[in-house]
Structures are given as structure tokens and as C-alpha cells.
Amino acid sequence: MPDRCPVCNQDFQIEPGFYIGALWTSFPIVIFIMTLLSILLLVFVKMQLEWFFVAITIILFSLQPIIIRLGRAIWINIFVDFDAESITDAENK
Ligand SMILES: [Zn+2]
């Protein structure tokens, strides 16, 4: 993750531990994926419960880099508003 946005120069390290709160935005994403996988694997594929836990563990661990980044992006968008004028200001400097 870069320290600053290359387009608008927004500081991504707003304060120490800022992204700890991103746990609250990545958690619903994990629950959503788990719900979809549970319906798919248990109802439609009729996978055995033991293999379901193995599959869901592997799938969620492999999706972690994407989920973490998505959760952070949602978290910073809660606190930092997009301002189109700041982009043109940064380009003019
Ligand atoms: Zn930006």
C-alpha cells in the first residue's frame, strides 16, 4: 500500500492503528462469502461437513489479501470524502 494517493496526494496513514477499524468492514465481507459458500457447498454440492470446513478454510485464507484490501478501502472511504476539485488542485501544483 502506498503512503499517499498518487492521484490526489491523500495521506493513507491517517493515524497509527487507523486500519484496525477495518476489521469491522472486512468481517461482514467474510460473513457474506461464508454464507454463499455454505449454501453452495452444503445445499447444492451436498459436501460432507468435514470436507466443507477444510474447503471453506482454504478458500477464506486464500481470499484474505483481497478481503483485507477491500475492508481497508471501505474503511478509509467512511472517513475520507472524495473531492474532484482536490485532484485538479493537485495537478495544477
Ligand atoms: Zn486519491
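The model shown is predicted, which means the values in this text are computed figures rather than measured ones. By convention here, each chain's residues receive numbers from 1 onward along its written sequence. Residues qualify for local features only when their pLDDT is at least 70, as the model is predicted, and side-chain atom pairs are given and counted only at 80 or more; totals for whole chains, interfaces and linings, by contrast, use all residues.

Draft legend 1. Expanded view of the overall build of the protein chain. The helix and strand labels rest on DSSP assignments: H or I over at least four residues marks a helix, E over at least two residues marks a strand, and numbering proceeds from the N terminus. The number of helices and strands found in the protein chain is 3 helices and 0 strands. Relative to the globule expectation of 12 Å for 93 residues, the C-alpha radius of gyration of the protein chain, 19 Å, shows a markedly less compact shape. Along the longest, intermediate and shortest principal axes, the C-alpha atoms of the protein chain span 60 × 25 × 20 Å. Counting all 93 residues of the protein chain, 3% fall into the buried class. Residues are treated as contacting if the C-beta atoms built from their backbones sit within 7 Å of each other. Considering only residue pairs separated by 6 or more positions, the protein chain has 62% of its internal contacts joining residues 24 or more positions apart. We compute the radius of gyration over the C-alpha atoms and compare it with the globule rule, which gives 2.2 Å times the number of residues raised to the power 0.38. In this scheme every C-beta is placed from the backbone, and a residue whose C-beta has 20 or more other C-beta atoms within 10 Å is buried, one with 12 or fewer is exposed, and one in between is partly exposed.

Draft legend 2. Local environment of unusual backbone geometry. A positive phi angle, close to 65 degrees, is found at Asn9, a residue other than glycine. Phi at Lys46 takes a positive value of approximately 55 degrees, unusual for a residue other than glycine. What makes Lys46 exposed here is the crowd of 8 C-beta atoms within 10 Å.

Draft legend 3. Inspection of the packing of helix 1 (residues 23-44) against helix 2 (residues 49-79) at higher detail. To obtain each axis, a line is fitted to C-alpha atoms, and for helices this fit is confined to the stretch in contact; angles are then taken between N-to-C directions over 0 to 180 degrees. Packing of helix 1 against helix 2 leaves a shortest axis separation of 9 Å and a crossing angle of 150 degrees. Here helix 1 lies roughly antiparallel to helix 2, going by the angle between them. Where helix 1 crosses over helix 2, the two elements pack in a sense that is right-handed. Contacts between helix 1 and helix 2 involve Thr25, Ser26, Ile29, Val30, Ile33, Met34, Leu37, Leu41 and Leu42 from the former and Phe52, Ala55, Ile56, Ile59, Leu60, Leu63, Ile67, Ile68, Leu70, Gly71, Ile74 and Trp75 from the latter. In this scheme, roughly parallel covers angles under 35 degrees and roughly antiparallel covers those over 145, while 65 to 115 is roughly perpendicular and the rest are oblique. Less than a right angle of anticlockwise turn of the near helix away from the far helix marks a crossing as left-handed, whereas a clockwise turn marks it as right-handed.

Draft legend 4. Expanded view of the environment of Glu50. On the secondary structure map, Glu50 appears in helix 2. Residues Glu50 and Ile29, spaced 21 residues apart in sequence, show a C-alpha to C-alpha distance of 23 Å.

Draft legend 5. Spatial organisation of the environment of Gly71. One can find Gly71 in helix 2. Gly71 sits in the buried class, given 21 other C-beta atoms within 10 Å. Separated by 44 residues in sequence, Gly71 and Phe27 place their C-alpha atoms 8.1 Å apart. Excluding its chain neighbours within four sequence positions, the residues that come into contact with Gly71 are Ala22, Thr25, Ser26 and Ile29.

Distances and angles like these do not, on their own, reveal function.
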